Amino acid sequence: MKKDWKNNTTLDTREMPPEARVPAEMHIGGVRIAPATVLAPMAGVTDTVFRRFIKNSSMFTAEAATPETQGSETQGADIDVETSNEVSGCGLIMTEFTSADGLSRMRETKRKRYLTYYEDEHPISAQLFGSNPATLAESAIICQDAGFDLVDLNLGCPAKRVVACNGGSGLLRDLPAIRTIFERVRAAVTIPFTVKFRMGWNDSNIVCVELAKMAEDCGLNAVALHARTREQGYTGEARWEWIAAVKDAVTIPVIGNGDIRTPEDAAAMVEATHCDAVMIGRAAPANPWIFRQIAQYTASKQATGVGTYDKPSDMDRYRMIRDYFERLMHEVAEHPEIVGPADSDLEKRLKRNHESAQRDAIGRMKQFASWFTHGVPGGATLRKEIFDAKRGAQVMEKVEAFFTQRANESQPDFVSEPDAELEAAPAAWG
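Definitions and limits used
Residues numbered from 1 in each chain as written. Predicted model: local features only at pLDDT ≥ 70, side-chain atom pairs only at ≥ 80, totals over all residues. Heavy atoms only, no water. UniProt positions renumbered as here; feature names shortened; annotations may be inferred. Axes fitted to C-alpha atoms, helices over the stretch in contact; angles between N-to-C directions. Helix = DSSP H or I, 4+ residues; strand = E, 2+ residues; numbered from the N terminus. Parallel < 35°, antiparallel > 145°, perpendicular 65-115°, else oblique. Left-handed = near helix turned anticlockwise from the far one by under 90°. Contact = heavy atoms within 4.5 Å. Expected span 1.5 Å × (residues − 1). Buried < 20%, exposed > 50% of the residue type's maximum accessible area, 1.4 Å probe, protein only. Arc of directions from axis to C-beta. Phe/Tyr/Trp six-rings, centres within 6.5 Å; stacked < 30°, edge-to-face > 60°. Lys NZ or Arg CZ within 6 Å of the ring centre and 35° of its normal.

- Looking up the protein chain in an unreviewed UniProt entry gives the name NifR3 family TIM-barrel protein, with the organism given as Granulicella mallensis.
- According to the UniProt record, the Cofactor (unreviewed entry) comment for the protein chain reads "FMN".

Below, the structure is given as structure tokens:
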């Protein structure tokens, strides 16, 4: 399926059918997803801080396009209540994929670390992986009891360590085992149950259509297809024609995933496949505004026939990275610091917790800076400075200095370029 709009940078060079746009909403069981956009589950990425950050980055006002602003690329065109959710451009967020075996064995206090979310994250889906039907059913009940709106089964992760345990995409070689899992989990929970999967193990074993039919037959409420095989990993183009084939085969909602980097890509996928929603993974860390941009693109296209959306400025990027870092440091602040030697067992535990939270926050700051600054002029220098930093305050100082220098030099706002390192995403983002 030809997707030549992907490498273009201006809207007027993209030939897109006038009706192509992301749906305003969809329903998975009794859960309304509006707009029909989903943040993909990504290991080591979609924790509660990042999920809330994406929700915040997706916020837009309920301002309708006016005759004076219609057709302007810088207009704040927003979707109204008739075309989408007026609160956030991201309709559904998902957790990092979580081991069902680990979840069923760990203590209640430790579970909270993996299942933590805030009320403003609803609707939210918990994603599980594993191969034991009873354990997956038990873990699905845990997620339901924790208040999640949906539970999802991962059949897409291509990571060797997951596949070696017959989890993720490893199960795609055993459809009878998948059916048993579907039936056990479906019988265990009353919240909507969905599955995310790849086309198959390899080109000789394409099972996505059969699997989607099986999911519908077993009572699942929606399916999401990453249109690549396990063997492909993240190489080559996603084959959207298989999303279309799945959509033709079932009546439950179908979510399309793969090669959505821009609002134009999202609209084109819907037009080409007639999928009910789009799921975005690797593009989100590099461009946290993509969900808002899709919402703006959809609204302006509805109002004027021409899709437009805001492009982030230097100041937008500065505020974005600062906001994310501050959220991380707020999480650290929830673990009080013990100054000096720790004498009691409680003090020792609190000291360990604070140090662990500090290390985790610094690691995530460096990871985020890496995603955000690849393809950005001067980004390599900032990355090195951030990687050398030992404390959160040092990281913030480097970010402040970088953007202050750019402002003083009156450089034009930069535009991130496609980057091979970001494309080579961790295998667990399947």
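**With respect to the packing of helix H8 (residues 240–249) against helix H9 (residues 263–273)**
Two numbers describe a pair of packed helices, the interaxial angle and the distance between the axes.
Next up, step 1: Taken N-terminus to C-terminus, the directions of H8 and H9 make an angle of 50°; their axes are 8 Å apart at the nearest point. Accordingly, the angle class assigned to the pair H8 and H9 is oblique. The two elements H8 and H9 cross, and the hand of that crossing is right-handed. From H8, Trp240, Ile243, Ala244 and Lys247 reach across to H9, where they touch Asp265, Ala268, Met269, Ala272 and Thr273.

**Some points on helix H15 (residues 392–408)**
Next up, step 1: Between its first and last C-alpha atoms H15 spans 25 Å; for 17 residues at 1.5 Å apiece the expected length is 24 Å, and the two agree.
Next up, step 2: Those residues of H15 that fall on the buried side of the exposure criterion are Gly392, Val395, Met396, Val399, Phe402, Phe403 and Arg406. An end-on view of H15 places all buried positions within 125° of arc, on one side of the element. Counted as exposed and oriented over 90 degrees from the buried face of H15: Ala393, Glu397 and Asn408.

**Notes on the packing of helix H6 (residues 175–188) against helix H7 (residues 208–217)**
Next up, step 1: Running from N to C, H6 and H7 cross one another at 25°; their axes reach a closest spacing of 10 Å. One finds that H6 runs roughly parallel with respect to H7. In this structure, H6 meets H7 at a crossing whose hand is right-handed. Judged by residue contacts, Leu175, Ile178, Arg179 and Phe182 of H6 engage Glu210, Leu211, Met214, Ala215 and Asp217 from H7.

**Notes on the packing of aromatic side chains**
The description of an aromatic ring pair uses the distance of the two centres, along with the angle that the planes make with each other.
Next up, step 1: Evaluated as defined, the whole model comprises six aromatic pairs.
Next up, step 2: Geometry around tyrosine 118 places arginine 52 over its ring, the cationic atom sitting 4.0 Å from the centre.
Next up, step 3: Sitting over the ring of tryptophan 201, arginine 173 keeps its end group 3.9 Å from the ring centre.

**Thoughts on the environment of proline 35**
Next up, step 1: For proline 35, the location among the structural elements is in the loop between strand E2 (31–33) and strand E3 (37–39).
Next up, step 2: According to the relative accessible area criterion, proline 35 is buried, its value standing at 5%.
Next up, step 3: Separated by 57 residues in sequence, proline 35 and leucine 92 place their C-alpha atoms 8.4 Å apart.

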